[in-house]
Amino acid sequence: MTQFDFSLIDWSRAQFALTAMYHWIFVPLTLGLGFIVAIMESLYVRTGNPEWKRITKFWMTLFGINFAIGVATGIILEFEFGTNWSNYSWFVGDIFGAPLAIEGILAFFLEATFIAVMFFGWNKVSKKFHLLSTWLVAIGANISALWILVANAWMQLPEGMKFNPATARNEMQNFWDVLLSPMAVSKFLHTITSAYTLSALVVIGIACWFLLKKREYAFVKKSVLIAAVFGLLASIMTAITGDFSAKVIAEHQPMKFASFEGLYEGKTGAPLVAFGILKDAKDTTAPYKKDFAMKIQLPKMLSILANGDANSYVPGIKDLMEGNAEQNILPVDEKIARGKIAIEALAAYKNAQQANDTIAQAKAKEQLDANFKYFGYGYFQQHKNLLVPNIGITFYSFHIMVGLGFYFIAFFILMLLLVYKEKLLKYRWVFYLALVNIPLAYIASQAGWVTAEMGRQPWVIQDLMPTLAAVSRLDTNAVIVTFILFALIFTTLLIAELKIMCKQIKIGPKH
Amino acid sequence: MQKNIFFRIFNFYFTGFKTMASWGKSLWIIILVKLFIMFAILKVFFFPNYLKTNFKTEKERSNHVIEQLTTKP
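Remember, predicted model here, so these are calculated numbers, not experimental data.

Chemist: Would you mind going over the overall build of chain A with me for this structure?
Modeler: Scanning chain A for helices and strands turns up 17 helices and 8 strands. Computed over C-alpha atoms, the radius of gyration of chain A comes to 25 Å, within 12% of the 24 Å expected from 2.2 N^0.38 for 511 residues, which places it in the range of a compact globule. Its C-alpha atoms give chain A principal-axis dimensions of about 80 × 50 × 40 Å. The buried share of chain A, taken over its 511 residues, is 58%. Contacts in chain A between residues far apart in sequence, at least 24 positions, make up 79% of those at least 6 positions apart. By element, 64% of the accessible surface of chain A is carried by carbon and sulfur atoms, the whole surface being about 21,300 Å².

Right, here's the structure in full:
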């Protein structure tokens, strides 16, 4: 076995994370604002009230700026797959091909075609056709997100494929298993509803800025009403789909689930840590173990969250590492041994194929198929502790996401009450709160992805391929250079967006 | 009739770009510069496809990946 440079993995991961996080600054606003604008335009077409047209055009301008700056930032992720994660790209090629091709075609035809009608078509096409175009842009953006999220979900729950040892590629056996896996469904619904929540918060925050400047009350009231209703429904759906998502994760990624809560020892009727501060446990036999400096718990809630049963067992990190015969959980040593067998069987298959030894080939294939489920564990014989994700980051990002999610529900209810009771202008502190909610919405959204992606470490493909097997053996310095390059490019884009957007906000809706 | 449709579509885009607001023009400049940086610089000089650049055939690529997968620590 060759010596491996772990700093290469860390820098490659950091580079991918940086690109994905910057990309995700632009995406959620596009997903949600598209629908908010479509709803506003629908009201214009239905009522004929020109004030709705003015409102629609203002938010459409901000949608356009965000869309234009964000467009193609995701393409860099595909570059990185081919350069930095070549083993992974090869391993999954067939699975990703179909969803990404559909994404490309849909994105091009729906978004690229109809967005032109959205912006150039006022007074040139009929009102109804313009409205249809606006809806199609919003729907197109969300369908694009579906395919990307399906691809991501497959990495977290690889189903519907068969590994071909002759080519070292996974081949899709059932498209519907990939598309409709519980992970894909929960991930898509949870992600898009959280994006709608973010968009609603951005609309309310910007609208309240006008109130701080004592401008555009009628515009603000209508915008806040639409955004608050949309946001409240979206945030409630985010909570419901989050619960669904938690159950899927508890079943298929139990280590990630245990990391959400820093749960070291499994429990029946496990409590949920609503708020906690972690500290190192100083246990040399389990360096990944964390204790709590303080915590507030909700009895049995973790069991309910995991299994919908208050008295069910939730495995902890210790169970998953050391095994728990009573709960039918294999120790990682056993999984590592099986993974080693699978890796050796792959090598044996290749050798037998080259030697034209069909009997040895069939035997190796049989061994590989029997142990393929644990293939990725075979890389961890000397690095067993790496099978536990970073508990601190996963725990805090999960709690920030959930805490802010529930706070947003309360905020939307407050805004609706203020609009309903005609007291929107009465409490100035609410305007500031709405403004603060804009960065908080982005923090919650990013924290969600950090939870999902840090929590599944060390896996690129759950149980099958860890980051250390997925990465291309490049010069680490080259990865550092591109990391810095991306940081500069994306920061420039972000500044450009903020500058153009702030200018348009200051101008306000045109009369 | 067909020509007329194409002309109308061309005219739609042409007029749209011609009468575009200044913020729209700024965005298009940003988009074009961004795409140039991504495809003409980053893709070409910093992000060549590792397997396509270093190996000629699919067979060579799969052999390389299998070798990588079976010799990683």
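There's plenty left to go through after this.
Chemist: Can you help me understand the overall build of chain B in this one?
Modeler: Helix and strand content of chain B: 4 helices and 0 strands. Listed N to C, the secondary structure of chain B is α-α-α-α in terms of helices and strands. Taken against the 2.2 N^0.38 rule, which gives 11 Å for 73 residues, the C-alpha radius of gyration of chain B at 23 Å runs more than 25% over that of a compact globule. Its C-alpha atoms give chain B principal-axis dimensions of roughly 60 × 35 × 20 Å. With the model as given, the accessible surface of chain B reaches about 4,900 Å², and the carbon-plus-sulfur share is 70%.

Chemist: Mind showing me how you'd approach the environment of Phe 39 of chain B here?
Modeler: When you line up the elements, Phe 39 of chain B lands in helix H2 (residues 22–46). Dropping the residues within four chain positions of it, Phe 39 of chain B is found in contact with Ile 75 and Phe 79 of chain A together with Val 44 of chain B.

Chemist: Honestly, the interface of chain B and chain A in this entry has me stumped. Any pointers?
Modeler: You'll often see interface size given as the accessible area lost when the parts meet. Counting residues at the interface gives 38 residues for chain B and 62 residues for chain A. Taken together, chain B and chain A are joined by 1 salt bridge. A salt bridge links Glu 58 of chain B to Arg 169 of chain A; the shortest N-O distance between them is 3.8 Å. Of all elements in the fold, only helix H1 (2–18), H2, helix H3 (50–54) and helix H4 (58–71) of chain B reach the threshold of two or more residues within the side of chain B that touches chain A. Per-element tally for the side of chain B that touches chain A: the top contributor is H2 of chain B, with 13 residues. Grouping the constituent residues of the side of chain B that touches chain A by class yields 22 nonpolar, 10 polar and 6 charged.

Chemist: Looking at this structure, I do not really get the side chain of His 130 of chain A. What am I missing?
Modeler: Residues and elements named next belong to chain A. Counting through the fold element by element, His 130 comes out in helix H5 (residues 127–156). At a separation of 2.6 Å, a polar atom in the side chain of His 130 contacts the side chain of Glu 41. Within the local environment of His 130, its side chain forms a polar contact with the backbone oxygen of Val 117, the two atoms lying 3.3 Å apart. With near-sequence residues (within four places) excluded, His 130 lies in contact with Glu 41, Met 60, Val 117, Met 118, Gly 121, Trp 122 and Val 125.

Chemist: Before we go on, may I ask you to explain the packing of aromatic side chains in this structure?
Modeler: Given two aromatic rings, one states the distance between the centres and the angle between the planes to describe the pair. Tallied over the full model, the rule gives 45 aromatic pairs over all chains. Here Phe 372 of chain A and Phe 375 of chain A contribute two aromatic rings whose centre-to-centre distance is 5.6 Å and whose plane-to-plane angle is 50 degrees, an arrangement assigned as tilted. Of the two residues, Phe 372 of chain A and Phe 375 of chain A, neither departs from the other in class, the shared state being buried. Taken together, the ring pairs connect Tyr 22, Phe 79, Phe 486 and Phe 490 of chain A together with Phe 39 and Phe 47 of chain B into an aromatic cluster. Positioned above the aromatic ring of Trp 52 of chain A is the side chain of Lys 222 of chain A, whose terminal nitrogen or guanidinium carbon lies 5.7 Å from the ring centre.

Chemist: Sorry if this is basic, but what is going on with helix H13 (residues 358–371) of chain A here?
Modeler: Residues lying three or four places apart along an α-helix face the same way, a consequence of the helix completing one turn every 3.6 residues. Residue and element names in this part refer to chain A. For H13, spanning 14 residues, the distance from its first C-alpha to its last is 20 Å, which sits close to the expected 20 Å at 1.5 Å a residue. Among the residues making up H13, those that are buried are Gln 361, Ala 364, Leu 368 and Asn 371. Buried positions in H13, seen along its axis, are confined to an arc of 105 degrees and lie on one side of it. Of the residues in H13, the exposed ones pointing more than 90 degrees away from the buried face are Thr 358, Ile 359, Lys 363, Glu 366 and Ala 370. As for H13, its buried residues are in contact with strand E1 (161–164) and helix H12 (332–354).

Chemist: Explain the packing of helix H17 (residues 476–507) of chain A against H2 of chain B here, please?
Modeler: Helix packing for two helices is described by the angle between their axes and how far apart those axes are. Across the interface, H17 of chain A lies against H2 of chain B with an axial gap of 11 Å and an inter-helix angle of 175 degrees. When the interaxial angle is binned, H17 of chain A and H2 of chain B end up roughly antiparallel. Touching Val 481, Thr 482, Leu 485, Phe 486, Ile 489, Leu 493, Ala 496, Ile 500 and Gln 504 of chain A of H17 of chain A are Trp 23, Ser 26, Leu 27, Ile 30, Lys 34, Ile 37, Leu 42 and Phe 46 of chain B, all from H2 of chain B. Per-class residue counts for the contact of H17 of chain A with H2 of chain B are 13 nonpolar, 3 polar and 1 charged.

Chemist: Teacher, can you tell me more about the packing of helix H14 (residues 391–420) of chain A against helix H15 (residues 428–455) of chain A here?
Modeler: Residues and elements named next belong to chain A. With their axes 8 Å apart at the nearest point, H14 and H15 run at an angle of 145 degrees to one another. The chirality of how H14 crosses H15 is left-handed. Taken together, the residues that form the contact of H14 with H15 break down as 22 nonpolar, 6 polar and no charged.

Chemist: Could you clarify how one ought to interpret the pairing of E1 of chain A in this entry?
Modeler: Consecutive side chains of a regular strand alternate in pointing toward one face of the sheet and then the other. All names here are of chain A. As paired strands, E1 and strand E2 (residues 169–172) are joined by 4 bridges and run antiparallel to one another. The residue of E2 that forms the bridge with Asn 164 is Arg 169. Counted along the chain from E1 to the antiparallel partner E2, the turn is 4 residues long, and its residue Ala 168 has a positive phi close to 65 degrees.

Chemist: Sorry if this is basic, but what is going on with H5 of chain A here?
Modeler: Relative to the 44 Å expected for 30 residues at 1.5 Å per residue, H5 of chain A spans 44 Å between its end C-alpha atoms, a close match to the ideal helical length. Counting buried positions along H5 of chain A yields 22 of 30 residues, so the element is predominantly enclosed.

Chemist: Help me out: how do you make sense of the nonpolar core in this one?
Modeler: Across soluble globular proteins, nonpolar side chains show a tendency to be buried alongside one another. One finds Trp 59, Tyr 88, Phe 257 and Met 415 of chain A to be the most contacted residues of the largest nonpolar core, which totals 186 residues. If we skip the residues at most four places from it in the chain, Phe 257 of chain A touches Ala 246, Ile 249, Ala 250, Leu 302, Leu 305, Ala 306 and Val 314 of chain A. Of all hydrophobic cores here, the second largest spans 5 residues; its members include Ala 116, Val 117 and Phe 120 of chain A together with Phe 12 of chain B.

Rules used in this analysis
- Within any chain, residue numbers begin from 1 and follow the written order of that chain's sequence.
- Going through the entries in the order they are written, you letter the chains from A and number the ligands from 1.
- Given that this is a predicted model, residues contribute local features only at a pLDDT of at least 70 and side-chain atom pairs are listed and counted only at 80 or more, while totals for whole chains, interfaces and linings are drawn from all residues.
- Here the side-chain values reflect all heavy atoms present in the structure, with hydrogen atoms and water set aside.
- Helix numbering and strand numbering both begin at the N terminus, where a helix is a DSSP run of H or I of at least 4 residues and a strand a DSSP run of E of at least 2.
- We compute the radius of gyration from the C-alpha atoms alone; for a globule the expected value is 2.2 Å times N to the 0.38, where N is the number of residues.
- Whether a residue is buried, partly exposed or exposed follows from its accessible area with a 1.4 Å probe, protein chains only, as a fraction of its type maximum: under 20%, in between, or over 50%, in that order.
- Contacts are residue-level and defined by heavy atoms, with any inter-residue pair within 4.5 Å sufficient.
- Under the convention used here, a 1.4 Å probe and the Shrake-Rupley method define accessible areas, while residue burial counts only the protein chains that appear.
- By salt bridge we mean one thing: a side-chain nitrogen of Lys or Arg within 4 Å of a carboxyl oxygen of Asp or Glu.
- Three categories are distinguished: nonpolar for Ala, Val, Leu, Ile, Met, Phe, Trp, Tyr, Cys and Pro, charged for Asp, Glu, Lys and Arg, and polar for the others, with Gly belonging to the last.
- We define a polar contact as two N or O atoms separated by no more than 3.5 Å, with the added condition that, inside protein, one atom must be a possible hydrogen donor and the other a possible acceptor, whereas residues neighbouring each other in sequence contribute only through side-chain atom pairs.
- A pair of Phe, Tyr and Trp rings is counted when the ring centres sit within 6.5 Å of each other, with Trp represented by its six-membered ring. The angle between the planes then sorts it: under 30 degrees is stacked, over 60 is edge-to-face, the rest tilted.
- Both a distance and an angle decide whether a charge sits over a ring: NZ of Lys or CZ of Arg must be within 6 Å of the ring centre and within 35 degrees of the ring normal.
- A helix is expected to reach a length of 1.5 Å times the quantity of its residues less one.
- This arc is built from the directions going out from the helix axis to the C-beta atoms.
- To obtain an axis, a line is fitted to C-alpha atoms, over the contacting stretch when the element is a helix, and the angle between two such axes runs from 0 to 180 degrees between their N-to-C directions.
- The cut-offs work like this: below 35 degrees is roughly parallel, past 145 is roughly antiparallel, 65 to 115 is roughly perpendicular, and the gaps in between are oblique.
- Definitions for this section: a left-handed crossing has its near helix turned counterclockwise from the far helix by less than a right angle. A right-handed crossing has that turn clockwise.
- Here the rule is simple: two strands pair whenever DSSP picks up at least two bridges between them.
- Definition of nonpolar core: a set of buried residues of the types Ala, Val, Leu, Ile, Met, Phe, Trp, Tyr and Cys, connected through side-chain atoms within 4.5 Å.

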